[in-house]
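A look at the structure
Residue strings, one per chain:
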Amino acid sequence: MSNVFAQRRQKLLSLKALRGASPTPAHTEETCPACGGTIRRRDLAAGRYVCPLCGHHYPIGAYYRLSLVLDKGTFRELDGSLTSNDPLSFPGYAAKLDAARRRTGMNEGVVTATGRIGGQKAAVGVLDSRFFMGSMSAALGEKVTRLVEYADKNKLPLILFSASGGARMQEGILSLMQMAKTAAALERFSQKGGLYISVLTHPTTGGVTASFASLGDIMLAEPGALIGFAGPRVIEQTIGEKLPEGFQSAEYLLEHGFLDAIVPRPQLRDTLIRLLKLHGKGGSDHAK
Amino acid sequence: MPNELTPAQRVALARHAQRPGTADFIDALFTDFFEQRGDRHCMDDGSILGGVALFHGRPVTVIGHRKGRTLEEHMAYHFGMPSPEGYRKAQRLMLQAEKFSRPIVTFIDTPGAYPGLEAEAHGQGEAIARTLALLSGLTVPVIAVVTGEGGSGGALALGVGNKVLMLENAVYSVLSPEGFAAILWKDSSRSAEACDVMKLTAADLLELGVIDGIIPEPAAGAHAAPQPVYRALDAALVRELAALSKLSPSALAANRYKKFRLMGSKALGKERL
């Protein structure tokens, strides 16, 4: 019975996303976690969830992200029903999955879709940190891989927005294997001349960083995003000292040569339009 | 399999100080090994040991994790935890194997990639990702052998093989049992419990389709009597290499793609949207 309500909620949420509505009510004030300033939620939503006082980028949901990036009315979701079936029969996992589905209205931590960006058709995937921290499950790896294969088959440019806490512990080794699966699909796509733009958002860590997120032809990130392989606490324990200010931030990665650019959220769509244009119509050589 | 050990006991055996490491397997199974060092960018990371050797007279590229035997070696090799430079050295050797049409044999034995400040600054994530992608697309036979600890992405980076073999008491997991317990239950002392639910033993992984074969060990572990383990692994490698060598270069790449493409395909369900 509760399933009926969950499905209704999912449907409503996806309709909402299509209209480009903000995922949070706009009637209260909010304290910015970065600068401590008080912001009206209405202003925050109008500014795409970037703090108007300090520029802090709030994490945003996948459907909302897609509504910011895609041309209106062009969103078409792929594999929306795909989910995990608790392959290791891990204690407590099935119930947690169910709760996450109901809470978020999503079946997995990534939404994959096709749509147009400035008129250019593209295959787009967005990880959502509200669903198990965007962690890599077999279903998430499968959806990303199918999206890569879809882009390959239809000669479309591929754009992935990453946000992930790393591996889905409850799926153990099968989570780990998704790193190889997604990397292999991207290698094939790349060998055939496909364009892949990877956008790293807060936070991108662990197995996602060490697989598809790091393999873009173009590497972009949002300001202030935490990006790394090992978590800061693990590193501090290993080296026995405090980490420097700004370690593993997008700005740190840019300085160390792992990003092409840091792009504030309000400029992201225009940047993507420009990049697609720079890579020709299909963004892949077999399209020319 | 004669010995009925708990997963935690196998973890202990996999980490045993006297357990044969990559250098021992190279000595026992190959001849004329020539070690190749350096990533050609800035340094040589000794935690990855690699080079060219002869396997029954045939040139192969060998790459593995190296934990070291002495305290100095442990420190120098971070107990077998590679830095990005190690993975980039591995990539260099993989590309050479492709150039000279040599099969690749890898030996996996690491707690994981090194979680250090410099390792992050030098792109640990990028280095592993690039190694996975490269290895997946090669057109030469690739056989990976998990010999001890197969920990996390740091292990998988050398694990994208057409065939993946595993020693009976080796373990292979998404994270160390301690790290797993710390993340999931915020309590690293529950590692024995983690061992029980993680499905990290060779038998579990064979059942899950993650590995293709198990190399038996004596009851007390490979370190107690390594010779029969070397012989069994040698025979398995001869067999697998002979089978893979019948495939064309493009079929080898396609075979490896398909193998990893199917990983987790039984872990999927459908929910209405």
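So, here's what we can say about the structure. The structure presented is a predicted model; accordingly, all values stated were derived computationally and were not measured. Position numbers for residues start from 1 in each chain and track the written sequence from start to end. To read the labels, note that chains go from A and ligands from 1, taken in the order they are written. For a predicted model such as this one, the threshold for reporting local features is a pLDDT of at least 70, and the threshold for listing and counting side-chain atom pairs is 80 or more; totals across whole chains, interfaces and linings nevertheless cover every residue. For side-chain calculations, the full set of non-hydrogen atoms in the structure is used, while hydrogens and water are omitted.

**Examining the overall build of chain B**
Here a helix means four or more residues in a row that DSSP labels H or I, a strand means two or more in a row labelled E, and each is numbered from the N terminus. What chain B contains, in helices and strands, is twelve helices and nine strands. Relative to its length of 273 residues, chain B is compact, with a C-alpha radius of gyration of 18 Å against a globular reference of 19 Å. Residues scored as positive are Lys and Arg, those scored as negative are Asp and Glu, and His as well as the terminal groups of each chain are ignored. Charged groups are reduced to one reference atom each: NZ for lysine, CZ for arginine, CG for aspartic acid, CD for glutamic acid. Chain B carries 29 positive and 29 negative side-chain charges, and their two centres are separated by 8 Å. Both definitions apply: the radius of gyration is a C-alpha atom measure, and the globule rule equals 2.2 Å times residues to the power 0.38.

**What about the nonpolar core?**
Judged by nonpolar contacts, the single largest core of 157 residues is most densely connected at A:Leu158, A:Ile197, A:Phe212, B:Phe30, B:Phe107 and B:Tyr172. A per-element tally of this core places helix 6 (residues 172-191) of chain A first, with eleven residues. As used here, the term nonpolar core means buried Ala, Val, Leu, Ile, Met, Phe, Trp, Tyr and Cys residues forming a set that is joined through side-chain atoms within 4.5 Å. Relative accessibility under 20% of the residue-type maximum defines a buried residue, over 50% an exposed one, and the middle range a partly exposed one, all with a 1.4 Å probe and only protein chains included. With ten residues, the next largest nonpolar core counts A:Cys32, A:Leu44, A:Ile60 and A:Leu68 among its residues.

**Considerations on the pairing of strand 3 (residues 58-65) of chain B**
All names here are of chain B. Of all eight residues in strand 3, six are buried; the element is thus mostly enclosed. Any two strands with at least two DSSP-identified bridges between them are counted as paired. Inspection of the sheet shows strand 2 (residues 48-55) paired to strand 3 by eight bridges, in the antiparallel sense. Paired with Ile48 across the two strands is His65, which belongs to strand 3. Counting the residues in the hairpin turn of strand 2 and strand 3 gives two residues, including His56, whose phi is positive at 50 degrees.

**Remarks on the environment of A:Ala100**
All names here are of chain A. As for its position among the elements, Ala100 is in helix 4 (residues 93-104). According to the relative accessible area criterion, Ala100 is buried, its value standing at 1%. The spacing of Ala100 and Gly125 is 25 residues in sequence and 19 Å in space, taken between C-alpha atoms. Contacts were defined at the residue level, with two residues in contact if any of their heavy atoms lie within 4.5 Å. Not counting chain neighbours up to four residues away, the residues in contact with Ala100 comprise Gly105, Phe131 and Phe132.

**Overview of the side chain of A:Ser135**
All names here are of chain A. With respect to the element layout, Ser135 can be found in the loop between strand 6 (120-127) and helix 5 (138-153). Of the residues examined, Ser135 reaches a relative accessible area of 5% and is grouped as buried. At a separation of 2.8 Å, a polar atom in the side chain of Ser135 contacts the main-chain carbonyl oxygen of Phe132. A distance of 2.5 Å separates a polar atom in the side chain of Ser135 from a polar atom in the side chain of Arg168. Setting aside its immediate chain neighbours within four residues, Ser135 contacts Leu140, Ser164, Gly166, Ala167 and Arg168. Polar contacts here mean pairs of N or O atoms no more than 3.5 Å apart (in protein, one a potential hydrogen donor and the other a potential acceptor; neighbouring residues in sequence count only if both atoms are side-chain atoms).

**Observations regarding the pattern of salt bridges**
Salt bridge criterion: a side-chain nitrogen from Lys or Arg within 4 Å of a carboxyl oxygen from Asp or Glu. In the structure shown here, the tally under the stated rule is 29 salt bridges over all chains. Between A:Arg265 and A:Glu222 there is a salt bridge, with the nearest N and O atoms lying 2.9 Å from each other. Here A:Arg265, found in helix 10 (residues 265-278), pairs with A:Glu222, found in the loop between strand 9 (218-221) and helix 8 (232-239); they are 43 residues apart in sequence, far enough to count as distant. Salt-bridge contacts for B:Glu149 lead to B:Arg15; the nearest nitrogen and oxygen are separated by 3.0 Å. With B:Glu149 in strand 5 (residues 142-151) and B:Arg15 in the loop between helix 1 (7-14) and helix 2 (22-29), the pair connects residues that are 134 residues apart, well separated along the chain. Several salt bridges share partner residues, and in doing so they unite A:Asp79, A:Glu142, A:Arg146, A:Glu149, A:Lys181 and B:Arg261 into one network.

**Some thoughts on empty space enclosed by the protein**
All names here are of chain B. Cavity and pocket criteria rest on a 1 Å grid covering protein atoms alone: a 1.4 Å probe that fits but cannot get out defines a cavity, protein on both sides within 12 Å along at least 5 of 7 lines defines an open pocket, and an atom within 4 Å of a point defines a lining residue. Grid points are joined across faces, edges and corners, and a volume is the space filled by probe spheres set on the points. A complete count under the given rule lists four cavities of 30 Å³ or more for this structure. Looking at the second largest cavity, its volume works out to about 60 Å³. Together, 13 residues line the second largest cavity, and Glu149, Val171, Ser173, Ser176 and Pro177 are the ones closest to its centre. In this count, Pro and Cys sit with the nonpolar residues alongside Ala, Val, Leu, Ile, Met, Phe, Trp and Tyr, while Asp, Glu, Lys and Arg are called charged and the others, Gly among them, polar. Taken together, the residues that form the lining of the second largest cavity break down as six nonpolar, five polar and two charged.

**Overview of the interface of chain B and chain A**
Each partner contributes to the interface: chain B provides 53 residues, whereas chain A provides 60 residues. Two parts placed together each lose some accessible area under a 1.4 Å probe, and the buried area is that loss summed for both. When chain B packs against chain A, the two sides together hide about 4,900 Å² of surface, and 69% of this comes from carbon and sulfur. Along the contact surface separating chain B from chain A lie two salt bridges. With its nearest N and O atoms 3.0 Å apart, the salt bridge here joins B:Arg261 to A:Glu142. Inspection of the chain B/chain A interface yields 14 residue pairs in polar contact (both at pLDDT 80 or more). Among the elements that take part in the side of chain B that touches chain A, helix 6 (residues 124-137) of chain B stands out by supplying eleven residues, more than any other. For the side of chain B that touches chain A, the residue count by class is 31 nonpolar, twelve polar and ten charged. Here three bridges tie strand 4 (residues 82-84) of chain A to strand 9 (residues 268-270) of chain B, and the two strands are oriented antiparallel to one another. Counterpart to A:Thr83 in the pairing with strand 9 of chain B is B:Gly269.

**Side note on unusual backbone geometry**
Residue A:Pro203 follows A:His202 across a cis peptide bond; omega there is -15 degrees. Within the secondary structure layout, A:Pro203 lies in strand 8 (residues 196-204). Even without a glycine there, the phi angle at A:Gln248 is positive, about 65 degrees. One can find A:Gln248 in the loop between helix 8 and helix 9 (250-255). The phi torsion at B:Phe79 lies on the positive side, around 55 degrees, for a residue other than glycine. Within the secondary structure layout, B:Phe79 lies in the loop between helix 3 (71-76) and helix 4 (84-99).

**So, the packing of aromatic side chains**
In this scheme Phe, Tyr and Trp rings, the latter by its six-membered ring, pair at centre separations within 6.5 Å, and the angle between planes marks the pair as stacked below 30 degrees, edge-to-face above 60, and tilted otherwise. Scanning the entire structure with this criterion turns up eleven aromatic pairs over all chains. Each ring, one from A:Tyr63 and one from A:Phe75, has its centre 6.1 Å from the other, and the planes form 75 degrees; the classification is edge-to-face. With A:Tyr63 in helix 3 (residues 62-69) and A:Phe75 in the loop between helix 3 and strand 3 (76-78), the pair connects residues that are twelve residues apart, well separated along the chain. Residue A:Tyr63 is classed as buried on the basis of its relative accessible area of 10%. Look at B:Phe25 and B:Phe107: their rings are 5.5 Å apart centre to centre, the planes differ by 10 degrees, and that puts the pair in the stacked class. One end of the pair, B:Phe25, is in helix 2; the other, B:Phe107, is in strand 4 (residues 104-110), with 82 residues separating them in the sequence. A network of ring pairs unites the aromatic residues B:Phe25, B:Phe30, B:Phe55, B:Phe107 and B:Tyr230 as a single cluster. For B:Arg190, the ring lying beneath its charged end belongs to B:Trp185, and the centroid distance is 4.4 Å. A cation over a ring is seen here: B:Lys259 above B:Phe260, with NZ or CZ 5.9 Å from the ring centre. Charge-over-ring contacts are defined here by two conditions on Lys NZ or Arg CZ: a distance within 6 Å of the ring centre and an angle within 35 degrees of the ring normal.

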